[in-house]
Amino acid sequence: MSFARAVRSCLANYATFRGRAPRTEFWFFALFFLLGSLLAAAIDRALFGTPVIAGTATGERRDGPVEFLFGLALLVPMLAAGWRRMHDTGRSGLSLFYPLIVMVGIATFAGLLGGFAPLARGDFAALFAGGATIVIGIALIVLFLSPLVVIWWLASPSEPGPNAHGPNPHEVTS
């Protein structure tokens, strides 16, 4: 699949979360998203200058309007392409959200463990007292590894033959 065909396919299936997407379709669309974001950022800098959050000493950068609108417009097709890619590897599309699920789990555990007041104050030392250090430490390792596992799944080969999500896109004639 060519770069242009992959981008057209993902945009044509804008919000299609059923079916399968081959590796090339997903990764070419991810490349298009990255290049488009860089171009939109360059346009923002040319039109509006370097955006700075007011009142910060570090001068943190945030997205300009063109970059924000580009990312917002392609958020759904990027999620749909990733969802279909997970289907192509024989997994549920929800597997795409494993890192988010881990983050919510850690925040919930930390909140229940020490209460949400220390988290709101930024007093993380209160959460790491006693045996909670071991549990939260292991959870943070899982949090670090979960995006890598998702990237591994997105980069893995297609499941041969048809699966519960449809026929193999490599075996279907166009």
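Draft legend 1. A look at the overall build of the protein. If you tally the helices and strands in the protein, you get six helices and zero strands. The 174 residues of the protein split such that 32% are buried. A separation of at least 24 residues holds for 69% of the contacts in the protein among residues at least 6 apart in sequence. In the form shown here, the protein has an accessible surface area of approximately 10500 Å², with 73% of it arising from carbon and sulfur atoms.

Draft legend 2. Main features of the confidence of the model for the protein. Per-residue pLDDT for the protein has a mean of 84; in total, 82% of the residues score no lower than 70. Ranking the elements of the protein by mean pLDDT puts helix 5 (residues 116-121) last, at 68, and helix 3 (residues 65-88) first, at 93.

Draft legend 3. Geometry of a nonpolar patch on the surface. The grouping of Leu11, Tyr14, Phe17, Phe68, Leu69, Leu72, Leu75, Val76 and Leu79 at the surface amounts to a nonpolar patch, some 760 Å² of accessible area in total. If you tally residues by element for the nonpolar patch, the top one is helix 3, at six residues. Tracing the backbone through its elements, the reader meets Tyr14 in the loop between helix 1 (3-12) and helix 2 (23-48). For Tyr14, a relative accessible area of 36% gives the class partly exposed.

Draft legend 4. Summary view of the packing of helix 2 against helix 6 (residues 132-155). Between helix 2 and helix 6, the shortest axis-to-axis distance is 9 Å and the interhelical angle comes to 125°. Comparing their axes, helix 6 and helix 2 come out oblique. Along the contact surface, helix 2 presents Arg23, Phe26 and Trp27, while helix 6 presents Ile151, Leu154 and Ala155. The residue inventory of the contact of helix 2 with helix 6, partitioned by class, reads five nonpolar, no polar and one charged.

Draft legend 5. Looking closely at the nonpolar core. Judged by nonpolar contacts, the single largest core of 15 residues is most densely connected at Phe29, Met86 and Leu154. Elements with a contribution of two residues or more to this core: helix 1, helix 2, helix 3 and helix 6. Examining the composition of this core, we find that five residues originate from one element, helix 3, more than from any other. Apart from residues lying up to four places away in sequence, Leu154 is in contact with Arg23, Phe26, Trp27, Gly82, Arg85, Met86 and Leu96.

Draft legend 6. Local environment of the pattern of salt bridges. What the rule picks out here adds up to three salt bridges. A salt bridge links Asp88 to Arg20; the shortest N-O distance between them is 2.8 Å. Residue Asp88 is found in helix 3, and its partner Arg20 is found in the loop between helix 1 and helix 2; the two are separated by 68 residues along the sequence. Residue Asp88 shares its accessibility class with Arg20, and that shared class is buried.

About the thresholds
Residues numbered from 1 in each chain as written. Predicted model: local features only at pLDDT ≥ 70, side-chain atom pairs only at ≥ 80, totals over all residues. Heavy atoms only, no water. Helix = DSSP H or I, 4+ residues; strand = E, 2+ residues; numbered from the N terminus. Buried < 20%, exposed > 50% of the residue type's maximum accessible area, 1.4 Å probe, protein only. Contact = heavy atoms within 4.5 Å. Areas by Shrake-Rupley, 256 points an atom, 1.4 Å probe, with all protein chains shown as cover. pLDDT = per-residue confidence, 0-100. Patch = residues over 30% accessible without salt bridge, like charges linked within 9 Å, V, L, I, M, F, W, Y side chains within 5 Å. Salt bridge = Lys/Arg side-chain N within 4 Å of Asp/Glu carboxyl O. Axes fitted to C-alpha atoms, helices over the stretch in contact; angles between N-to-C directions. Parallel < 35°, antiparallel > 145°, perpendicular 65-115°, else oblique. Nonpolar A, V, L, I, M, F, W, Y, C, P; charged D, E, K, R; others polar. Core = buried A, V, L, I, M, F, W, Y, C linked by side-chain atoms within 4.5 Å.

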